[in-house]
Amino acid sequence: MIDWLGLGDIFAILAAIVWALSNILYKGFSHHLTPMQLNISKSVLASAMMLTTIAITQDAALPHHLTSWLWLIAGGVIAIGDSAYFTALRNIGPARTLIIESLAPALVGVFNILLLNHYLSPFSWCGIVLTTIGVVIAIKPEKTLPQVDHQHYRKGVLCALAAAICQALGMVMSKGALNNEHMS
């Protein structure tokens, strides 16, 4: 393998590939299932994968503090935003949806400040900007995207924004849950 790539780098690249492929799959299934059905299916599959991982690693550490549980439960409720994401995919397609979703890292920075009083370094903000620009460049289609009627376009954009907000809130709430915990 390439010497300068560490295990974390390899898994980050694999995660990006899986993320991109899952968007294509979600788009395909979005014409056969409702956004809520897609969300439930995804959640059941993710839960099964998580339980498998816990069984393999034998690591079932749970939070000890009530506030940690409350943060996690709130973050789980925010996962309803995935239904908005699937609705956006159905209405405006993956390219437009992912460009709007690329706002999520910046929103994480903002919500970190508002909810956890945690400020990112200028270096971190530069990373967010570079990553967002990279996503926009990588997603930029080579040909013109198909036209979408105004009603579907508006609904898709609003749902993609809601999904980005929910994704960012979920990340910050998970961080809030783990701030006072010593877990793997």
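Residues numbered from 1 in each chain as written. Predicted model: local features only at pLDDT ≥ 70, side-chain atom pairs only at ≥ 80, totals over all residues. Heavy atoms only, no water.

J.: Sorry, what's going on with the overall build of the protein here?
T.: The helix and strand inventory of the protein stands at seven helices and zero strands. Mapped from its N terminus to its C terminus, the protein presents α and β elements in the order α-α-α-α-α-α-α. Dimensions along the principal axes, computed over C-alpha positions, put the protein at roughly 50 × 40 × 35 Å. The burial tally for the protein puts 29% of its 184 residues in the buried class. Working note: accessible area of the protein is about 12,200 Å², and carbon and sulfur atoms make up 72% of it. Taking the average location of the 9 positive side-chain charges in the protein and that of its 8 negative ones, the two points are 16 Å from each other. (Helix = DSSP H or I, 4+ residues; strand = E, 2+ residues; numbered from the N terminus. Buried < 20%, exposed > 50% of the residue type's maximum accessible area, 1.4 Å probe, protein only. Areas by Shrake-Rupley, 256 points an atom, 1.4 Å probe, with all protein chains shown as cover. Lys, Arg positive; Asp, Glu negative; His and termini not counted. Charge placed at Lys NZ, Arg CZ, Asp CG, Glu CD.)

J.: When you look at a nonpolar patch on the surface in this model, what are you seeing that I'm missing?
T.: Taken together, the side chains of Leu7, Phe11, Ile13, Leu14, Ile17, Leu21 and Ile24 define a hydrophobic patch exposed on the protein surface, amounting to about 710 Å² of accessible area. Considering the arrangement of structural elements, one finds leucine 7 in helix 1 (residues 7-29). Classification of leucine 7 as exposed rests on a relative accessible area of 59%. (Patch = residues over 30% accessible without salt bridge, like charges linked within 9 Å, V, L, I, M, F, W, Y side chains within 5 Å. Salt bridge = Lys/Arg side-chain N within 4 Å of Asp/Glu carboxyl O.)

J.: Help me out: how do you make sense of helix 7 (residues 150-178) in this one?
T.: End to end, helix 7 covers 42 Å across 29 residues, agreeing with the expected 42 Å (1.5 Å per residue, within 8%). Sitting at the amino-terminal end of helix 7 is aspartate 149, which places a side-chain oxygen 3.1 Å from the backbone nitrogen of glutamine 151. (Expected span 1.5 Å × (residues − 1). Polar contact = N/O pair within 3.5 Å; in protein donor to acceptor, adjacent residues only side chain to side chain.)

J.: Would you explain the packing of helix 5 (residues 104-116) against helix 7 in this entry?
T.: Between two packed helices, what matters for the description is the angle formed by their axes and the separation of those axes. Put simply, helix 5 and helix 7 touch, their axes get as near as 8 Å, and they point 45° apart. With respect to their mutual orientation, helix 5 and helix 7 come out oblique. For the crossing formed where helix 5 meets helix 7, the hand is right-handed. Along the contact surface, helix 5 presents Ala104, Leu107, Val108, Phe111, Asn112, Leu115 and Leu116, while helix 7 presents Ala164, Ile165, Gln167, Ala168, Leu169, Met171, Val172, Lys175 and Gly176. For the contact of helix 5 with helix 7, a count of residues per class yields 12 nonpolar, three polar and one charged. (Axes fitted to C-alpha atoms, helices over the stretch in contact; angles between N-to-C directions. Parallel < 35°, antiparallel > 145°, perpendicular 65-115°, else oblique. Left-handed = near helix turned anticlockwise from the far one by under 90°. Contact = heavy atoms within 4.5 Å. Nonpolar A, V, L, I, M, F, W, Y, C, P; charged D, E, K, R; others polar.)

J.: Help me understand the environment of cysteine 166 in this model?
T.: Along the chain, cysteine 166 falls in helix 7. In this structure, the C-alpha to C-alpha distance between cysteine 166 and isoleucine 128, residues 38 residues apart in sequence, is 18 Å. Apart from the residues within four sequence positions on either side, cysteine 166 is in contact with Ile78 and Gly81.

J.: How should I be thinking about helix 4 (residues 81-101) in this particular structure?
T.: Counting along an α-helix, one turn takes 3.6 residues, and residues three or four places apart therefore face a common direction. Over its 21 residues, helix 4 extends only 12 Å from the first C-alpha to the last, a length that falls short of the 30 Å expected when each residue adds 1.5 Å. The largest bend in helix 4 amounts to roughly 120° and is located at glycine 93, with the proline proline 94 lying one to four residues further along. The element helix 4 is largely enclosed, with a buried count of 17 among its 21 residues. (Bend = angle between axes of the 7 residues up to and from the residue.)

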